[in-house]
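As a plain string of letters, each chain reads:
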Amino acid sequence: MPPFDASPLAVMPPAMQPLSGRTPLNPLLSRLQPYPFERWRELCADITPNEDLRPISLGIGEPKHATPALIEEAVMKALPMLAAYPSTLGEPALREAIADWVQRRYAVSVNPGTQVLPVNGSREALFALAQTVLDPAERDALVVCPNPFYQIYEGAALLGGAQTHFVASDPKRNFAADWGTVSEATWSRTRLLYVCSPGNPTGAVMPLSEWATLFELSDRHGFVIASDECYSEIYFRDEPPLGALQAAQALGRADFRNLIALTSLSKRSNVPGLRSGFVAGDARLIKAFLLYRTYHGSAMGGLVQRASIAAWNDEAHVVANRGLYRQKFAQVAPVLANVLDVQLPDAAFYLWAGIPRHEAGRGQPGNEIGFARGLLAQYNVQVLPGSLLARTVAGVNPGAGRIRMALVAPVADCLEAAERIVRFTQELTESLR
Ligand SMILES: Cc1ncc(COP(=O)(O)O)c(C=O)c1O
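Notes on the structure follow. Because the structure is a prediction, the values reported are computed rather than measured. Just so you know, the residues in each chain are numbered from 1, in the order the chain's sequence is written. Confidence filtering applies because this is a predicted model: local features only for residues at pLDDT of at least 70, side-chain atom pairs given and counted only at 80 or more, and all residues used for totals across whole chains, interfaces and linings. Only heavy atoms go into the side-chain values, all of them from the structure, while hydrogens and water stay out.

Things to note about the site of the ligand
Working step 1: Nearness here has a simple test: a residue counts as near a molecule or strand if at least one of its heavy atoms is within 4 Å of that partner. In the neighbourhood of the ligand, 14 residues make up the surrounding shell, with S122, D228, Y231, S264 and S266 lying closest.
Working step 2: Polar contacts here mean pairs of N or O atoms no more than 3.5 Å apart (in protein, one a potential hydrogen donor and the other a potential acceptor; neighbouring residues in sequence count only if both atoms are side-chain atoms). S122 is positioned with one of its side-chain polar atoms (N or O) 2.6 Å from an oxygen atom of the ligand.
Working step 3: Residue Y231 places a side-chain N or O atom 2.6 Å away from an oxygen atom belonging to the ligand.
Working step 4: Note on areas: these come from Shrake-Rupley sampling with a 1.4 Å probe, and a residue is covered only by the protein chains present in the view. Summarising the interface, the protein chains cover 91% of the accessible area of the ligand, which totals 400 Å² for the free molecule.
Working step 5: Where helices and strands are cited, they refer to DSSP runs of H or I of at least four residues and of E of at least two residues respectively, numbered from the N terminus. For the shell around the ligand, the elements supplying multiple residues, two or more each, are α4 (122-133) and α9 (265-268).
Working step 6: It is α4 that provides the largest number of residues to the shell around the ligand, a total of three residues.
Working step 7: Residues are sorted three ways: Asp, Glu, Lys and Arg are charged, Ala, Val, Leu, Ile, Met, Phe, Trp, Tyr, Cys and Pro are nonpolar, and all the rest, Gly among them, are polar. Its residues placed into classes, the shell around the ligand shows five nonpolar, five polar and four charged.

Concerning the sheet that holds strand β8 (residues 259-264)
Working step 1: A strand pair is defined by DSSP finding two or more bridges across the two strands. Strands sit in the order β2-β9-β8-β7-β6-β3-β4-β5 across an open sheet of eight strands; the sheet is mixed. Among the strands making up the open sheet, the edge pair consists of β2 (116-119) and β5 (176-177).
Working step 2: One ladder, built from three bridges, connects strand β3 (residues 142-147) with strand β6 (residues 190-196); its direction is parallel. The residue of β6 that forms the bridge with V144 is L193.

Comments concerning the packing of α4 against helix α5 (residues 152-159)
Two packed helices can be described by the angle between their axes and the distance between those axes.
Working step 1: Viewed as axis vectors pointing N to C, α4 and α5 meet at an angle of 30°, and their least axial separation amounts to 8 Å. By the angle between their axes, α4 is roughly parallel relative to α5. Of the two elements, α4 crosses α5, and the hand of that crossing is right-handed. Facing α4, whose interface residues are R123, L126, F127, A130 and Q131, α5 presents I152, Y153, G155, A156 and L159.
Working step 2: Its residues placed into classes, the contact of α4 with α5 shows seven nonpolar, two polar and one charged. Whenever a helix is involved, its axis is fitted only over the stretch in contact; in every case the axis is a line through C-alpha atoms, and angles between N-to-C directions fall within 0 to 180 degrees. The scheme is simple: roughly parallel for angles under 35 degrees, roughly antiparallel for over 145, roughly perpendicular for 65 to 115, oblique for anything else. Left-handed describes a crossing whose near helix is turned anticlockwise from the far helix through less than a right angle; right-handed describes the clockwise counterpart. Any two residues whose heavy atoms approach within 4.5 Å at even a single point are treated as in contact.

Thoughts on the sheet that holds strand β13 (residues 402-406)
Working step 1: Reading across the sheet, the three strands line up as β10-β13-β12 and stay open at both edges, with antiparallel pairing between neighbours. Edge positions in the sheet fall to β10 (350-354) and β12 (384-385), since each of these pairs with one other strand and no more.
Working step 2: With two bridges connecting them, β12 and β13 associate as antiparallel partners. Paired with P385 across the strands is I403, a residue of β13.
Working step 3: Along the sheet face, helix α12 (residues 316-337) touches β10 and β13 and points at about 10° away from the line of β10.

Focus on empty space enclosed by the protein
Over the atoms a probe the size of a water molecule is rolled, and this reveals where empty space is left.
Working step 1: Two kinds of site are reported from a 1 Å grid over the protein atoms alone, namely cavities, where a 1.4 Å probe fits but cannot get out, and pockets, open sets with protein on both sides within 12 Å along at least five of seven lines, and residues are called lining when an atom falls within 4 Å of a point. Grid points are joined across faces, edges and corners, and a volume is the space filled by probe spheres set on the points. Under the defined criterion, the tally for this structure stands at one cavity of 30 Å³ or more.
Working step 2: In this structure, the largest cavity occupies an estimated 30 Å³ of space.
Working step 3: As for the largest cavity, its lining consists of V102, Y106, E229, A244, L245, A261, T263 and F278.
Working step 4: Mapped onto the lining of the largest cavity, the elements with two or more residues apiece are α3 (92-106), α8 (244-250) and β8.
Working step 5: Counted by class, the lining of the largest cavity contains six nonpolar, one polar and one charged residues.

Observations concerning the packing of aromatic side chains
Working step 1: Under the pairing criterion, centres of Phe, Tyr and Trp rings, with the six-membered ring standing for Trp, must be within 6.5 Å; the plane angle then separates stacked pairs below 30 degrees from edge-to-face pairs above 60, leaving the rest tilted. This structure, assessed with the given rule, holds 18 aromatic pairs.
Working step 2: Note on W101 and F278: the rings are 6.0 Å apart at their centroids and 70° apart in plane angle, and the pair reads as edge-to-face. Here W101, found in helix α3, pairs with F278, found in strand β9 (residues 277-281); they are 177 residues apart in sequence, far enough to count as distant.
Working step 3: Only protein chains enter the accessibility calculation, which uses a 1.4 Å probe; a residue is then buried when its area is under 20% of its type maximum, exposed when over 50%, and partly exposed in between. Its relative accessible area of 2% is what places F278 among the buried residues.

Regarding helix α1 (residues 36-43)
Working step 1: If you check which residues of α1 are buried, you get P36, F37, R39, W40 and L43. Projected onto a plane normal to the axis of α1, the buried residues spread over an arc of 160° and lie on a single side. For this quantity, the arc is that covered by the directions from the helix axis to the C-beta atoms.

Describing the environment of A394
Working step 1: When you line up the elements, A394 lands in the loop between β12 and β13.
Working step 2: Judged by its relative accessible area of 77%, A394 falls in the exposed class.
Working step 3: As for A394 and W312, which are separated by 82 residues in sequence, their C-alpha atoms are 43 Å apart.

Here's what the structure looks like:
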């Protein structure tokens, strides 16, 4: 296996190498890191997967269950909408459908006129929100992110001219980020905090006590909290995951000050290609975000708006979808628990598993990359090395010694992959004795 080189340019595809010469370019672009999948493709480019076994991918977290017919039908019915420009604010009927869903799901009342905006999936909104909040002229602004994390948070911070500060998740506390490790000096420079609940890749849901801590910090230091909740409808406990707006209301913050929740249809309704979600929260931030979005040109297309109304108004397909994930996780997690350090997460569709002999790595990336490479070579199963989803801080990468498995394929494929992983791990453990 080639040595692991964590420097961003080492694995940047040629098209992303900074241009030289006199072409004007935003210099901040060169600070962007290659996406984890690009790095993984690079790291396993020299591998020929075992051709005797059909490929199974647990690598990319793209929903694979069928798109509900009611959404497809709504798209077809809305074809005449192609003839008009959509508004950035979105149709009143869409904002009302969203507000009604928030009411049903969280028992929280949001004003559809001032506290809700449609967005083209949560990814673009996570990015654009940072550009709305950050002052590019500020020299030492910070954006705080959990670690491991969804890489858009980092890119949004860097292109907004800020630096990132990562807070490691703690496996001993259900992967909660240890906010207590952040100094007052760091919080005082913080303008934006991203949280992800349910978390990718950990699946952890933030409890009310953690929200109380973060709201208190936000009040004291004046930063905005962006709560990424795109996995909120895929959960394995009886209680649905607590949402940010719900936590704010429970803690007496009915105005949602300095808080924006981001939700998506991609996973809830199996429509990653629709590009539809919403943001809701502090009316002052929503107003500024609308202004930014008007110039950015990110109005949601009329077809997508109509399809989204149909999706938010229907819960039966969401219950059925959750049922499929529950069945899958109930069957697959116990198989993997025979050889990996893994348990049923609170929510989302990932298993964030510790591989054996992690101690040998002592928090350094490497082990899990070798593991994922070996698994691909010998058993034709793709998983994502955990270190690619996290940053190394003070010599420790919280994804080291872990792999992420997305259980998006049909249950039979996930089970077969799990059985191959068991065989591979047993053979590996034997060979290391
Ligand atoms: C944590 C997290 N946030 C946001 C997104 C973006 O999802 P979408 O843009 O489809 O809403 C993803 C996608 O995988 C994700 O994992």
